[in-house]
Amino acid sequence: MSAPIDTAPHDDDVSGDGGEGRPLLRLRHLSTDIALRRGTVHALDDVNLEVRPGETLGIVGESGSGKTMTALSVMGLLPSGGSVVGGQILFEGRDLRSLPPDEVRRIRGVRMGMVFQDPLTSLNPTMRIGTQVAEPLRVHEGVGKAEARERAIEMLRRVGMPRADKIVDDYPHRLSGGMRQRAVIAMALICSPRLLIADEPTTALDVTTQRQILELIDDLREEFGMAVILVTHDLGVIAGRAERVAVMYAGRVVETAPTARLFRSPRHRYTEALMESLPESATRESGARERLYSIPGLPPDLSRPLNGCRFAPRCRFAAPECRTTEVTLSAGEHGYACLHPVTATTAAASVRTVAARPSAPEAASETGSETDSEAILSVRDLVKDYGATTGGLLRRTSGRVSAVAGVSFEVRPGETFGLVGESGCGKSTVGRLAVGLESPTGGRIVLDGTDIATLDRRERRRMRRQVQLMFQDSYAAMNPRMRVDAILAEPLEIQQVGDASARRARVTALLDQVGLSRRVLERYPHEFSGGQLQRLGLARALALRPRLIVGDEPVSALDVSIQAQVLNLMRDLQRELGLAYVFISHDLSVVDYMSDRIGVMYLGKLVEVGPAHDVVRAARHPYTQALIDAVPSADPGLAASRESVTIRGELPSALNPPTGCRFRTRCPIAEGICETEPPLAGDLHQVACHFPLRPESRTAAAPTG
Amino acid sequence: MARYLIVRLGQALVIVVLVTIITFVILHLLPGGAARATLGKEATLEQLAAFDHEMGYDRPWIQQYVMYVRRLLHGDLGYSFQLNQSVTEAIGQRLPKTMALSLLSTLLAVVAAVPLGVVQATRRNRWPDYTITSLSLLAYATPIFFLGLMMIILFSQVWPILPPEAPQGFTLGEVLADPAGLVLPTVTLAVVTVAVYSRYVRSSMVDNLNENYVRTARSKGLSERRVVVLHTLRNGLFPVITLLGMYLPALFSGALVVESLFNFPGMGQLFWQAALKRDFPILLGVTLIISVATVLGALLADILYAAVDPRVRLRGSAS
Amino acid sequence: MTTPAETTGMSEGTSPGPGDADDTPVRGLWRQGVEVFCENRLALVGLAMFVLLAAVCFLGPLFYHTDQVHTDLAAVHLPPGTDGHPLGTDGVGYDQLGRLMLGGQTSIIVGLAAGILATVVGTVWGAVAGFAGGWVDAAMMRLVDAMMSIPSLFLFMLLAAIVTPSVSMLILIIGAFAWLGPARLVRGEALSLRSREYIQAMRSMGGTGGRAVRRHIIPNAIGTVIVNATFQVADAILYVAYLSFLGLGVPPPAANWGGMLSDGLADTFSGHWWLLYPPGIAIILIVLAFNFIGDGLRDAFEVRLRRR
């Protein structure tokens, strides 16, 4: 019952369907190598793509899939050692590879524009914004200085830069990340290009800013009538913005289709698996959470010769021929390179069985909320201020940064408490305070019934066993000169648990628990991949048998498929060991998937606390609603239809936070009374707002409705 | 920026005070005490006692230090009985010449090192880079007087176009009036400096060329030349300004050797001859002045840095 | 075909998969470091140069006997090759080759000892300042700043004018003032290491400051310190040469390459080239050797941190 796909090579009619005129950009058999000290990485291998005038093509893939390399190959901006070794890059019908370098440079500067991932480093720090924005005009069109400045101001206005006539003479370090990204976009568009390549343009930004930037790109595309290539790892970003999508894996395009069609019925097994790895795919409307599908293993090493389908080693449907037969993209509007693609019937059957089978009853969450046992962690009116210093040379405090301003919550045994908010909201500080890495300016931290402040140093040290921290970057959190056995044994040594042989036994048991082979004991941290490092980090956090683990963005640096592995592992261990988690993340869908209850933070304050399902699906605080609306959904239908609360403007400084409700300066419904501080009110679903969006829903608040 | 300058000035002042304490302590650690060291071996006990009393060396330490500083503030660095001249005067005659030599060779070094470093960075790990790196290492490993001698052998013996000795003028003007004589000392002093600076420029440029903003500049279709010269060079050279200040002590140490080798009538030569004759008033005076010059030079470099780098210049003054 | 059979065998989520760490052979950090050092050809050349020079200087005199105590005014300025003097003799009749060996011993010993002394003092000073922080740190580092603003050669000369230089005195003088650089370096390193996440992780487990220093900071800082020590040795050898040139080196009959070189300067124009170039080249070689070794060591220590 395999789909009748044609596996014969389609060398010459990849774009044979055509029909809508000549494509603006066409990549034919593009191959790119990166020469490194140890061998050559074949970053792109036979990539075929096309972009039509005026459309948005989304390129999606995990790290190392070649999506960024594709963009850089087109722009001729490959890193040192990188070069296009084969194929054609046809832009407006001409092969950029065969044109003289000066001509290509002109095309790059005038006909194309590029927006990069990290706006903080993408601008020259010592050149005025206006000079940088207008530079292509001066170089390629010979425009005079004064006129260039005028046009730069005009363009800055069009990308929504406030006070454009001032900003034009300013330097980048005085702008926020979102504003800098606007400046980069203005720079890319100053010559009215036909093609804009946006490489992860919002990955470094907060969700609310992300939304603003994506909408801006969308608007400008229509205004300028240009085509856009949107490169991203985030299926959600693609779903809402692109007309067509290309999915890349291990240096190849494995599937390409119109967006709606791809999300409705993916054909390639990798695309299918990727979508099933998304936390939102396993979070049901009822509030139940199924086990995530996670793709086992790691992407292949592209410096080695590869045969057959590159996804075959990780594919649950792979047959022997998959590993040996080269598959090319099938022809047609929906192309895919898969010998055993998803069909209507197999999809329904297999996906559901896989997803349903291991989804054990949600024991953890229920025990968590049913037993009214004493909270393992209770935080009352927690306050943390930092002295802000100017310049760093003179240690004179010029003010107090209010990082955490009166936060209260409880975590019960076996429960997951999610803490969500944008960068700078103080969520990480709360985590660090909870594990005792910093001491609070005010308020109480009660651990297992004992107020931490009443303990002496010794007792406090022993108390540390109860709560352990899991870091976002486990590599940075492990001494690079220590072997895994020493790293995992360190907590036991510090707390003087057992003798040497007992510790050894515990360490191997920990490795088993997190699913790592015992052979890794003699390895060093740099030898592990990101997902493996997070497993190690979890193992170390578990060593002292804590009752609570604070995870500070524990999966934020991971690819979706690897993230699913770690999330599953965390939930498995929670069930087995009765652990409680404080799960800190900026990613609402991950927090929603993991948490029993969620707290939303804004500028040092908890604005809303409640059962996860209610907070995400029936938000009461306008900020929470704005956050939810800003999260791009991997469902094109939903993305299009959503009504939304949009917040404008920039996050105020925590140095001089607004009085009263700290959100009032950006809130669409704020009134005079908001200058007085609203208390966190409510039973189970609490909100700190004078005008809650909706009343507390009694039915939904009860667990297992 | 104003605050930055005030803070930096305060630091410089603290360092100068500490330097005076150090020279003060050394003065009193001298064999036979400060009086013996000043007056020499032939002085009688009465002369020593009279000197001690006159200078206040028989008073408590704190008072002595206060008097010492007060004398310094009046420009009194002591008296050299061996030169039969006040230390201030002796140094005053020679300081401008040493400064001129240092400045000239620094200028020369910067002018040579910047293009070299840029070439190295843009042709990284290719033959120009390797060649320049090897030569810098060689220059760095060669004792500066050996290098100077090679220069003398080459340019005034084998191919006699330059005098082997520095100009012997009494004033700065007389010295500068003989540019040919200045060439060898200046170049010798500059060679090692070039080696250090070009390595620094190279690594600074390499760091900057790997920055994202360079990729952004390239995405605008700029020529490689424009990318390097207009975008990268400025950022790459900012740290070099700080190096100018940091390198001053090494530069002055080099000047000491070069002046001795070429018989250049500057502070280094004065110091060297004083060392051989154990003329401690001169030794301490020169040490103090050269240190103050170092501190001031570093201060100047930092101020310059703050003035040209917008990230420092505009810090604190929020728009 | 599309049978989901293979999924059953795969305990997805908990299998480590074909991770990097599983299929490459286990190698210790030291071995990796040594491999990287050996890959750096210049570093190997430097090491070979040092071993060779040291062997000639320290073992050479066992096989090549010369009188380096009594002058022989009957055999001055003999050119190289004359009976039994392969490198000739100097102005007082010492055999030049034998003298090079003797001088090399002094240069290498003073360089190594002063470099190590400076490194030890500087490391202790910088570490104490870095860990104490606050006022102690400020006071200690301002003193370093002040001493650093006195050009070192001036300071060495001043001290050498006060005390009579001997080999041990030279080591003390140079060692006692060359530690400023390492002190700054180590303090910076201590400050940056102190804020690393793995130290925070350890603290969150209840670890003490002492443990942080013993298990985390010292092992991570040691590389920087060792690399710097090699450069210190190179600098110390040059300083000895400068002091000798300026007339304040070790007095005869003791010898060092710097002293021989500056003696040779006087003979430049009388054609006695064998008195000038051999010590000059010897100094350049030994300084280069330590610089090469330092660069190689830096790579070797860095590789341990290199992430894939």
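What counts, and where the lines are drawn
Residues numbered from 1 in each chain as written. Chains lettered and ligands numbered in written order. Predicted model: local features only at pLDDT ≥ 70, side-chain atom pairs only at ≥ 80, totals over all residues. Helix = DSSP H or I, 4+ residues; strand = E, 2+ residues; numbered from the N terminus. Buried ≥ 20, exposed ≤ 12 C-beta atoms within 10 Å, placed from the backbone. Contact = placed C-beta atoms within 7 Å. Pairing = 2+ DSSP bridges. Axes fitted to C-alpha atoms, helices over the stretch in contact; angles between N-to-C directions. Core = buried A, V, L, I, M, F, W, Y, C linked by C-beta atoms within 7 Å. Nonpolar A, V, L, I, M, F, W, Y, C, P; charged D, E, K, R; others polar. Domains from an automatic or database assignment. Parallel < 35°, antiparallel > 145°, perpendicular 65-115°, else oblique. Left-handed = near helix turned anticlockwise from the far one by under 90°.

This paragraph deals with the overall build of chain B. Looking only at helices and strands, one finds 15 helices and two strands in chain B. Sorting the 319 residues of chain B into buried and exposed places 43% on the buried side.

The subject of this paragraph is the overall build of chain C. A tally of regular secondary structure across chain C gives 13 helices and zero strands. Helices and strands in chain C line up, N terminus first, as α-α-α-α-α-α-α-α-α-α-α-α-α. Summarising the internal contacts of chain C: among those between residues at least 6 apart in sequence, 72% fall at separations of at least 24.

A few words now on the sheet that holds strand S19 (residues 580-585) of chain A. Residues and elements named next belong to chain A. Pairing is mixed in the open sheet, where seven strands are placed in the order S17-S18-S19-S14-S20-S21-S22. A single partner strand is all that each edge strand has here, and the edge strands are strand S17 (467-470) and strand S22 (686-687). Bridge analysis of strand S18 (residues 548-552) against S19 gives five bridges, and the strand direction is parallel. Residue Val550 lies in a different strand from S19, and its bridge partner there is Val582. The sheet contacts of helix H17 (residues 530-542) involve S17 and S18, and relative to S17 the element is tilted by about 170°.

What follows covers the nonpolar core. The biggest cluster of nonpolar side chains holds 381 residues, and the ones touching the most others in it are Leu156 and Ile229 of chain A, Phe271 of chain B together with Met157 of chain C. Looking at this core, the element that brings in the most residues is helix H11 (residues 209-245) of chain C, giving 18 residues. Contacts of Ile229 of chain A, omitting those with residues within four sequence positions, involve Val51, Leu57, Ile59, Ala71, Leu195, Ile197 and Ala198 of chain A.

Now for the interface of chain B and chain C. Between chain B and chain C, the contact holds 33 residues from the first and 34 residues from the second. Listed by contribution, the elements that provide at least two residues to the side of chain B that touches chain C are helix H1 (2-29), helix H6 (127-141), helix H7 (144-158), helix H12 (248-262), helix H13 (267-276) and helix H14 (280-308) of chain B. Looking at the side of chain B that touches chain C, its residues break down into 26 nonpolar, six polar and one charged.

Residues and elements named next belong to chain B. What the domain assignment reports for chain B is domain 1 (2-86) and domain 2 (94-310). When each unit is reduced to the centre of its C-alpha atoms, the spacing between domain 1 and domain 2 is 32 Å. Counting residues at the interface gives 20 residues for domain 1, matched by 16 residues for domain 2. Elements supplying a minimum of two residues to the side of domain 1 that touches domain 2: H1, helix H2 (33-39) and strand S1 (79-80). Sort the elements by how many residues they give to the side of domain 1 that touches domain 2 and H1 lands first, with 11 residues. Residue composition of the side of domain 1 that touches domain 2, by class: 13 nonpolar, six polar and one charged.

Looking now at unusual backbone geometry. In this structure, His29 of chain A takes a positive phi of about 50° despite not being glycine. The backbone phi angle of Asn125 of chain B is positive, close to 60°, even though this residue is not glycine. Looking at the secondary structure, you find Asn125 of chain B in the loop between helix H5 (87-122) and H6. According to the C-beta neighbour criterion, Asn125 of chain B is exposed, with 9 such atoms within 10 Å.

To continue, consider the packing of H5 of chain B against helix H11 (residues 224-246) of chain B. Residues and elements named next belong to chain B. Where H5 meets H11, the axes come as close as 11 Å, and the angle between the chain directions of the two elements is 135°. Between H5 and H11, the angle is such that the two are oblique. As H5 packs across H11, the resulting crossing turns out to be right-handed. Contact with H5, carried on its side by Thr106, Val114, Val118 and Thr122, involves Val228, Leu233, Leu237 and Leu244 of H11 and no other residues of that element. Here the contact of H5 with H11 is composed, by residue class, of six nonpolar, two polar and no charged.

Below, the discussion takes up the pairing of strand S15 (residues 442-447) of chain A. Residues and elements named next belong to chain A. Bridge count for S15 against strand S16 (residues 450-451) is two bridges, and the pairing is antiparallel. Looking across to S16, one finds that Val446 is bridged to Asp451. Taken together, S15 and the strand that follows it, S16, pair antiparallel across an intervening segment of two residues, in which Asp448 is found at a positive phi of about 50°.

Residue and element names in this part refer to chain A. Tracing the backbone through its elements, the reader meets Thr68 in helix H1 (residues 67-75). In this structure Thr68 comes out as buried when scored by C-beta crowding, with 23 C-beta atoms within 10 Å. As for Thr68 and Leu196, which are separated by 128 residues in sequence, their C-alpha atoms are 14 Å apart. Ignoring anything within four residues of it in the chain, the contact list for Thr68 reads Asp199 and Val231.

All names here are of chain A. The four strands are arranged S2-S1-S4-S5 in an open sheet whose pairing can be described as antiparallel. Each edge of the open sheet carries a strand with a single partner, namely strand S2 (40-51) and strand S5 (94-95). Where strand S1 (residues 25-35) lies against S2, seven bridges are found, and the strand directions are antiparallel. In the sheet register, Ile34 faces S2, and the bridge partner there is Val41. Packed onto the sheet, H1 meets S1, S2 and strand S4 (82-91) and runs at close to 75° relative to S2.

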